[in-house]
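# Secondary and tertiary structure notes
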Amino acid sequence: MNILRCGDQALLVDVGDGGIDAVLGLYSALSDPRPGGVTELVPAARTLLVRFDPAVIAARDLAELLASTEPVPAPAMRGEMVEIPVHYDGADLAEVGKHTGLGSDGVVEMHTAAEYTVAFGGFAPGFGYLTGLHPKLHLPRRSTPRTHVPAGAVAIAGEFTGIYPRSSPGGWQLVGRTEVPLWDPARRPPALLRPGTRIRFREVR
Amino acid sequence: MIEVVRPGPLTTVQDLGRPGLAALGVGRSGAADRRSAALANRLVGNLDGAAVLETTFGGLALRFRQVARVVVTGAPCPVRRGGRGEAMNAPFTVWPGEELTLGAPSAGLRTYVAVRGGFGVDKVLESRSTDLLAGLGPAALNAGDVLPVGHDECGPPPSVEVAPVPDPAAFELTVRVMPGPREDWFTPEALRTFSTATYEVTSESNRVGVRLTGPPLTRSREGELLSEGMVPGAIQVPPSGLPLVFLADHPVTGGYPVIGVVLTDDLPVMAQARPGQTVSFRLVPAGLPAAA
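Residues numbered from 1 in each chain as written. Chains lettered and ligands numbered in written order. Predicted model: local features only at pLDDT ≥ 70, side-chain atom pairs only at ≥ 80, totals over all residues.

Scanning chain B from N- to C-terminus turns up three helices and 20 strands. Taken over the C-alpha trace, chain B has a radius of gyration of 20 Å; the compact-globule value for 292 residues is 19 Å, and the two agree within 12%. If one aligns the C-alpha atoms of chain B with their principal axes, the spans along those axes are about 60 × 40 × 35 Å. For chain B, the proportion of its 292 residues judged to be buried stands at 51%. (Helix = DSSP H or I, 4+ residues; strand = E, 2+ residues; numbered from the N terminus. Rg over C-alpha atoms; globule rule 2.2 N^0.38 Å. Buried ≥ 20, exposed ≤ 12 C-beta atoms within 10 Å, placed from the backbone.)

So, in structure tokens, the structure goes:
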């Protein structure tokens, strides 16, 4: 674990090969409640950004606290389970089926068989990068991103799967769509998927 | 109520933003030049979190339907109230029916207008800030919009005639930068260039970030950085080698290495940087054990 300075009001914890489990473990240990002076926690693929108020805690003290924080072990940090009904009729489904040799039905079977965990967000409010995707479905992003991906689009890219919370440009491979609202500013919390949330996809026809 | 007669090139409602929601993909947003916005609120006796208007390159015209205590801060520009001139950083009263107009700033980029009580538009996730990247909060102002005055005052308005504030620099800007977290992705030569060269602000700059042009910064390693959390002031270096300094509406995470971060105290300088102005970066020590 490496603690890097990120300006005068943030530290960046790089967990290295610990990867997403180590990031989520540290995020869980620090998020409820947050240590005094910590204003923001931003989990990502192998880093946790910790923003702080230097009037409350000094960078050096925070670095010591982070270094001595015991990450919550993976099974204990798992959040609630959410089931997402999906119409598997995405624009790229046939292409993904061909590319992987699984065929469209095989892709659906594989995508619905796994349990996923929200590792982190960041692309848009309510978007979650879900880990747990079968390695056979690890595909690159489209070489030319779409200018318009509809809200609710279920997609895969790299080692992740995810759902576009609202219509936006996007380069992920679209395999399906869901009507479940992922983002509602009037709801508390506004995002259905938060770091640690577990997910299963269920096919609806 | 206050009516927007003309919004100018871009006027948004801003407060302190939405801290603490980055894990859900929501950035902080809020006023780009937080110092000027905070001063505006103090000068009319508002709470720190009251909403102000942030207008870019002036051009804003408001018609007041009620009496209001008002102040204009930030990038200095001609201020007219019902045809009379008013000073920057000096609170004044606007009477019902009067129009308040802002001209083009003589230096700096963003001018702030506070009314006593704050602008009382609806909150989204506890904040009235417009986040242009995430598309959260009220839309940028349009002609004909009507803004209610809120109740975010605290105590009586201070008896200040004018707050002494230095004007933003009109020529070369200098900001202090703490190196890292990814300075080791760059060649020693790139770090030297970064701390000695001058960069020019381009017109593609906005509330997301200030785009710069100048000598490109070369990386010492190949490969891609996995996306990681970003902060305001982070200086990201995309493959072009041309740095970009993030402002209030920066993305929550980013995938290009950050060579350094502008000190919080110097962020208002970046927020007031105009296209065509030059910026140089002065490195300050990071002052923390590198590894733990």
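Here the narrative resumes, following the displayed structure.
With that out of the way, let us pick up the environment of Ser168 of chain A. Residue and element names in this part refer to chain A. Mapped onto the elements of the fold, Ser168 is located in strand E11 (residues 168-170). Exposure remark for Ser168: the 17 C-beta atoms within 10 Å place this residue in the partly exposed category. The contact partners of Ser168, leaving out residues within four places of it in the chain, are Ala124 and Val149. (Contact = placed C-beta atoms within 7 Å.)

Moving on, we get to the packing of helix H3 (residues 93-100) of chain A against helix H4 (residues 103-113) of chain A. All names here are of chain A. In the contact formed by H3 and H4, the axes pass within 7 Å of each other and the chain directions differ by 90°. Judged on the interaxial angle alone, H4 and H3 are roughly perpendicular. Contacts between H3 and H4 pair Leu93, Ala94, Val96, Gly97 and Thr100 from the former with Gly103, Ser104, Gly106 and Val107 from the latter. Here the contact of H3 with H4 is composed, by residue class, of four nonpolar, five polar and no charged. (Axes fitted to C-alpha atoms, helices over the stretch in contact; angles between N-to-C directions. Parallel < 35°, antiparallel > 145°, perpendicular 65-115°, else oblique. Nonpolar A, V, L, I, M, F, W, Y, C, P; charged D, E, K, R; others polar.)

Our focus in this paragraph is helix H2 (residues 59-67) of chain A. It helps to recall that an α-helix has 3.6 residues per turn; residues three or four apart then point in one direction. Residues and elements named next belong to chain A. Within H2, the full set of buried residues consists of Ala59, Leu62, Ala63 and Leu66. On an axial view of H2, the arc spanned by its buried residues comes to 105°, and they lie on one face. Tucked inside the fold, the buried residues of H2 contact strand E1 (2-5), strand E2 (10-14) and strand E4 (47-52). (Arc of directions from axis to C-beta.)

This brings us to the confidence of the model for chain B. On average, chain B scores 94 in pLDDT, and the residues at 70 or more come to 98%. What the predictor reports for the complex is a pTM of 0.92 with an ipTM of 0.93. (pLDDT = per-residue confidence, 0-100.)

Many analyses report the size of an interface as the accessible area lost when the parts associate. All names here are of chain B. Structurally, chain B comprises domain 1 (2-147) and domain 2 (173-283). Of note, the centres of domain 1 and domain 2, computed from C-alpha atoms alone, are 27 Å apart. Across the contact, 19 residues belong to domain 1 and 14 residues belong to domain 2. Looking at which element gives the most residues to the side of domain 1 that touches domain 2, the answer is helix H1 (residues 34-43), with three residues. (Domains from an automatic or database assignment.)

Right, let's talk about the interface of chain B and chain A for a bit. In this complex, chain B contributes 30 residues to the contact, which on the side of chain A involves 39 residues. For the side of chain B that touches chain A, the per-class residue count stands at 21 nonpolar, eight polar and one charged.

All names here are of chain A. Where H4 is concerned, the buried positions are Val107, Val108 and His111. Taken down its axis, H4 places every buried residue within 100° of arc, on the same side. The exposed residues of H4 that point more than 90 degrees off its buried face are Asp105 and Ala113. Buried positions along H4 lie against H3, strand E12 (173-177) and strand E13 (198-203).

All names here are of chain B. Overall, antiparallel pairing links the five strands, which are arranged E2-E3-E10-E5-E8 in an open sheet. The two strands at the open ends of the sheet, each matched to only one other strand, are strand E2 (10-14) and strand E8 (92-94). Taken pair by pair, the neighbouring strands of this sheet meet at an average axis angle of 30°, ignoring direction. Relative to strand E5 (residues 68-74), H1 is tilted by about 155°, and along the sheet it contacts E2, strand E3 (52-56), E5 and strand E10 (110-115). (Pairing = 2+ DSSP bridges.)

Residue and element names in this part refer to chain A. Counting buried residues along E4, six of its six residues qualify, which places the element largely inside the surrounding structure. Because side chains alternate across E4, one face comprises the buried residues Thr47, Leu49 and Arg51, and the other comprises Leu48, Val50 and Phe52, equally buried. Counted along the chain from strand E3 (residues 38-43) to the antiparallel partner E4, the turn is three residues long.

As a further point, take the nonpolar core. Counting residues in hydrophobic clusters, the biggest one holds 142 residues, and the most contacted among them are Leu11 and Val50 of chain A together with Val52, Ala114 and Met270 of chain B. With six residues, the single largest contributor to this core is helix H1 (residues 19-31) of chain A. Beyond its immediate chain neighbours, meaning those up to four positions away, Met270 of chain B contacts Val175, Val210, Val245, Leu247 and Val262 of chain B. (Core = buried A, V, L, I, M, F, W, Y, C linked by C-beta atoms within 7 Å.)

Here we take up the confidence of the model for chain A. Per-residue confidence for chain A gives a mean pLDDT of 92; residues scoring 70 or more make up 98%. Confidence, read as mean pLDDT per element, is least for E11 of chain A in chain A (87) and greatest for E2 of chain A (98).

Glancing now at the environment of His87 of chain A. Residues and elements named next belong to chain A. One can find His87 in the loop between strand E5 (81-86) and H3. Distance in space between the C-alpha atoms of His87 and Val175 is 8.7 Å, their sequence separation being 88 residues. Beyond its immediate sequence surroundings of up to four residues, His87 is in contact with Gly176, Arg177 and Val204.

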